[in-house]
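The primary structure of each chain is shown beneath.
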Amino acid sequence: MNKTKKYLTGVIVILAISMTMFATYFYTERTKKPNEMERELAHTKKLLEVPVGSITDHFLVLRSEEMRETYYMFYTRNSGPEKVNYTIYRVRGVYEKEEIPMPDGLTVSIEPSEFVAEPHKKYTSKITIKTNSKLESGIYTLYLHASFGKYELLGDDWIRIEVLDDYSIPGISGVYSPWGQLHDNSITLKPGETKETYYTLHTGEGGPGNVTYTLFRVRKEYGEDRLPIPKGLTVTIEPNKFLARSHEDYTSKLTIKTSSELLQGKYVLSFNVYFENEMKGEEWIIINVES
Amino acid sequence: MMAAIAVIISLLIVNVPAEEKENFSVVKYPFSAKKTMNTYYIPEGSIIYHYNDGVTTVYNKEGKIVLKTKDSETPKILTPLGIEMPVTYCFQGNMERGSKVVYGSFRIHTEDKGVLIDDKALIEYKPDDSILYVRMHERGWKPEPNIVIDHRDQIAQKGTRSFSGWIERSQDLDVSLIDEFNAYWRVPLSPPSPHYNSVNFLFNGIQPISGGKIVQPVLEWNQLQSHRWTARAWWASTTESRCGDPINVYFWDIVKGCLEYDGYGQPRWQVTIWKGSNYSYVEAPAGFIGDSHVDVFTVLEGKYIQNDNDVPGDATFYNMTFYKYIGGNPSNKRPITIIWGKWINQSAKNYLTGLDVKILSQPDKVKLCTAN
């Protein structure tokens with residue numbers, strides 16, 4: 001009898017431990033995404049507040065004995081006055097920061113590279129790149145490091161330079177193109193319910209530029225016939241208008257709210273993205289309202 | 001246009017210096033960069049800036065004031081659209097063959113107002129690509145007095161202005177698993193009157209979501225300044241690239257671009273472009289790009305693109321197929337779902353017209369449109 005009791009107690013303890021582990025696992029998995037999203041939203045908020053900088057043209061094509069210019073735009077937001085300093089040198093590739101020697105025949109300069117910046121201003125410096133006949137063809141990456149005294153600055157950036165002899169390498173100019181994605185293309189909810197999803201813009205070599213998101217109701221996916229959004233369906237996106245810099249991820253939250261009077265059915269929304277000087281994109285989100 | 005010219009001619013007055021009134025000139029005739037009858041001469045490359053308060057200021061290329069005038073004190077003329085406008089809104093251009101008017105972003109550093117920007121400036125280029133004149137409006141203008149250096153529009157600054165990059169594409173991003181992507185397309189019309197160094201590429205391609213690398217079977221225009229179409233299989237990263245031997249192709253030939261993932265041993269992408277039984281082939285290095293979480297495209301790319309004369313005709317990718325291999329076995333393949341989205345480079349629009357991505361049939365048919 002005692003043996004059976006001990007055995008049963010053991011089984012119960014094992015079951016309890018297993019259930020606790022399962023519960024912990026499922027809780028972690030369920031809450032993982034929201035936590036990640038909160039982090040992404042917090043990072044986006046920070047990107048809209050702290051000083052930022054970005055190069056205007058990130059991919060330049062040059063032949064021998066040519067010169068190209070691009071620009072570095074610096075937005076102080078509410079920080080400053082403080083000294084700004086830029087350094088620019090060659091690295092192995094995008095996202096690398098370790099300096100490697102400049103090749104013969106490639107020179108780069110940035111002007112001005114040191115100045116005092118005031119709050120709420122935008123500053124532009126000119127980056128000049130020159131090649132001469134000693135330079136071998138290929139792709140070179142330059143890294144620009146920006147500092148702003150005691151203030152945090154999200155301003156590091158990269159320029160890729162394709163030096164052509166006769167060959168031109170296809171594809172490579174666009175491998176860091178900006179792109180964005182809705183996290184869900186379909187949402188199902190009951191009348192009276194509210195749900196959230198997200199859109200993340202990966203700016204890549206896009207920016208600096210203003211980003212605008214707009215939403216329309218359309219008759220069908222890929223269709224252009226617009227319909228009025230019915231009373232009882234509210235879709236908001238926040239942030240929906242902001243300045244974006246390069247090589248960052250900007251996440252916005254879409255909130256879909258239905259009233260209890262909203263008719264059940266399928267509502268198709270066209271989600272439009274405009275990234276100034278960079279891209280114009282459209283995605284579709286299906287709202288299924290069912291009891 | 002004829003109506004406007006008729007009205008202008010009807011003014012029948014010789015180019016005369018403007019009267020000065022409290023530092024404002026009185027302009028009675030439309031502007032022109034030539035010293036002709038019935039016009040008011042301003043230097044070539046001038047920027048005509050219309051302020052919201054009714055003042056029009058003309059700046060020279062360096063941003064120095066040429067003249068200031070009040071629109072209320074200038075005569076009005078009837079435009080071809082039947083709208084009465086002050087003459088300061090008119091420019092006697094005599095559009096020369098090869099000249100071009102574009103609407104785009106323009107910046108000028110002025111001596112009196114700092115940097116002025118208009119994202120919808122009218123820019124008229126002469127046939128040699130120099131600027132004849134620019135018209136800007138204050139609408140949406142934000143003064144930037146602390147800009148450190150002169151930053152006029154990059155297009156104007158680059159000397160030989162040109163675009164290099166992906167012009168437009170269809171895309172499906174972050175595809176969870178793909179082992180085969182096939183696309184057919186016909187060789188389109190060659191660029192109508194290309195500059196010697198402009199290059200175009202049309203391809204179906206795959207890259208990792210983190211970017212930086214690509215595998216693609218490519219239809220090339222003017223590679224090696226050949227001034228012709230060639231087809232070649234490529235892989236490329238930001239540090240290295242390889243390609244197969246080229247094959248010659250001609251207008252209206254059908255080419256087939258194939259991307260196949262060899263998952264055995266050292267997994268790698270095999271890239272082939274076919275014309276009939278001729279092909280160009282290259283293998284990407286092992287592990288260069290995997291078969292999961294990748295971006296899938298059809299692309300029109302250009303280098304040294306100055307205007308519509310440098311890009312080919314429309315290209316339609318058709319009979320596109322997408323598979324995953326079960327157990328990595330190509331003979332046991334299943335179709336996967338691809339949903340194309342559209343992407344057009346907004347900077348390319350400063351140089352090109354008629355750009356559009358048409359999803360003719362999901363996911364097997366996509367048209368990349370140009371003005372040609």
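Residues numbered from 1 in each chain as written. Chains lettered and ligands numbered in written order. Predicted model: local features only at pLDDT ≥ 70, side-chain atom pairs only at ≥ 80, totals over all residues. Heavy atoms only, no water.

Focus: the overall build of chain B
For chain B, the count of helices and strands is two helices and 28 strands. By residue count, 55% of the 372 residues in chain B fall in the buried class. For chain B, long-range pairs separated by at least 24 residues make up 62% of all intrachain contacts whose partners lie at least 6 apart in sequence. In the form shown here, chain B has an accessible surface area of approximately 15700 Å², with 51% of it arising from carbon and sulfur atoms. (Helix = DSSP H or I, 4+ residues; strand = E, 2+ residues; numbered from the N terminus. Buried < 20%, exposed > 50% of the residue type's maximum accessible area, 1.4 Å probe, protein only. Contact = heavy atoms within 4.5 Å. Areas by Shrake-Rupley, 256 points an atom, 1.4 Å probe, with all protein chains shown as cover.)

What about the sheet that holds strand 12 (residues 194–202) of chain A?
Residues and elements named next belong to chain A. Here we have four strands laid out as an open sheet, ordered 10-12-17-15, and antiparallel in their pairing. Strands at the two margins of the open sheet, each flanked by one partner only, are strand 10 (179–182) and strand 15 (233–238). Ignoring strand direction, the axes of neighbouring strands in this sheet form an average angle of 15°. (Pairing = 2+ DSSP bridges. Axes fitted to C-alpha atoms, helices over the stretch in contact; angles between N-to-C directions.)

Focus on the interface of chain A and chain B
At the interface, 52 residues of chain A touch 57 residues of chain B. Across the interface of chain A and chain B, roughly 4400 Å² is buried in total on both sides, 53% from carbon and sulfur atoms. The largest per-residue losses of area from chain A upon contact with chain B belong to Y167(A), P170(A) and W179(A), which jointly make up 14% of the total buried on that side. Seen at the junction of chain A and chain B, the total is one salt bridge. Seen at the junction of chain A and chain B, the total is 17 residue pairs in polar contact (both at pLDDT 80 or more). Among the elements of the structure, strand 2 (59–62), strand 3 (67–75), strand 7 (122–131), strand 9 (157–163), strand 10, strand 18 (265–275) and strand 19 (279–289) of chain A are those that each provide at least two residues to the side of chain A that touches chain B. Looking at the side of chain A that touches chain B, the element that brings in the most residues is strand 7 of chain A, giving five residues. The pairing of strand 19 of chain A with strand 26 (residues 341–345) of chain B spans three bridges and is classified as antiparallel. When the bridges of strand 26 of chain B are listed, M279(A) appears paired with N345(B). (Buried area = accessible area lost by both parts, 1.4 Å probe. Salt bridge = Lys/Arg side-chain N within 4 Å of Asp/Glu carboxyl O. Polar contact = N/O pair within 3.5 Å; in protein donor to acceptor, adjacent residues only side chain to side chain.)

Let's talk about the sheet that holds strand 7 of chain A
Residue and element names in this part refer to chain A. The sheet built from four strands is open, its strands ordered 1-3-7-5 with antiparallel pairing. Of all the strands in the sheet, the pair left with one neighbour each is strand 1 (52–55) and strand 5 (106–111). Adjacent strand axes in the sheet meet at a mean angle of 15° when their direction is disregarded. Relative to strand 3, strand 1 runs antiparallel, the two being bridged by four bridges. Considered in strand 3, the bridge of G53 is made with F74.

What to know about the confidence of the model for chain B
Residues and elements named next belong to chain B. Averaged over chain B, the pLDDT score is 83; the fraction of residues at 70 or greater is 83%. Residue range residues 1–21 is modelled with pLDDT below 50. Its contacts to residues more than four positions away, or to other chains, number 42 contacts. Segment residues 140–159: pLDDT under 50, and 56 contacts once partners within four positions in sequence are set aside and those in other chains are kept. Interface predicted TM-score (ipTM) for the complex: 0.79; the corresponding pTM is 0.69. (pLDDT = per-residue confidence, 0-100.)

Looking at the packing of aromatic side chains
One pair of aromatic rings is described through two measures. These are the centre distance and the angle between the planes. Under the defined criterion, the tally for this structure stands at 31 aromatic pairs over all chains. Ring centres of Y199(A) and F271(A) lie 4.7 Å apart, and the angle between their planes is 45°; on these two criteria the pair is classed as tilted. Here the residue Y199(A) occupies a position in strand 12, and F271(A) occupies one in strand 18, the gap between them amounting to 72 residues. Residue class for F271(A) comes out buried when judged on its relative accessible area of 0%. With a centroid separation of 6.0 Å and 65° between ring planes, the pair formed by F31(B) and Y40(B) is classed as edge-to-face. (Phe/Tyr/Trp six-rings, centres within 6.5 Å; stacked < 30°, edge-to-face > 60°.)

Focus on a nonpolar patch on the surface
On the surface, Y7(A), L8(A), V11(A), I12(A) and L15(A) cluster together into a nonpolar patch covering about 510 Å² of accessible area. Relative to the elements of secondary structure, V11(A) occurs in helix 1 (residues 2–47). (Patch = residues over 30% accessible without salt bridge, like charges linked within 9 Å, V, L, I, M, F, W, Y side chains within 5 Å.)

Focus: the environment of S79(A)
Residues and elements named next belong to chain A. Relative to the assigned elements, S79 resides in the loop between strand 3 and strand 4 (82–91). The exposure class assigned to S79 is buried, which follows from its relative accessible area of 8%. Sequence-wise, S79 and Y151 are 72 residues apart; in three dimensions their C-alpha atoms are separated by 7.0 Å. Excluding residues within four positions of it along the chain, S79 makes contact with P51, E118, P119, F148 and Y151.

Some points on the pattern of salt bridges
Residues and elements named next belong to chain A. Counted under the stated rule, the structure contains 17 salt bridges over all chains. A salt bridge links E49 to K45; its shortest N-O distance comes to 3.5 Å. Linking E69 and K126 is a salt bridge whose minimum nitrogen-to-oxygen distance equals 3.8 Å. Residue E69 is located in strand 3, and its partner K126 is located in strand 7; the two are separated by 57 residues in the primary sequence. On the basis of relative accessibility, which here comes to 11%, the residue E69 falls in the buried class. Of the residues examined, K126 reaches a relative accessible area of 26% and is grouped as partly exposed.

Points about unusual backbone geometry
When glycine is set aside, most residues are seen to have a negative phi, and most peptide bonds are trans. Put simply, E238(A) and P239(A) share a cis peptide bond, and its omega is -5°. Note on placement: P239(A) falls in the loop between strand 15 and strand 16 (241–244). Residue P363(B) is reached from Q362(B) by a cis peptide bond, and omega for that bond is -10°. Mapped onto the elements, P363(B) comes out in the loop between strand 27 (356–361) and strand 28 (365–369). Phi at R77(A) takes a positive value of approximately 55°, unusual for a residue other than glycine. Positionally, R77(A) belongs in the loop between strand 3 and strand 4. For R77(A), a relative accessible area of 17% gives the class buried. The phi dihedral of H120(A) is positive, around 60°, even though this residue is not glycine.

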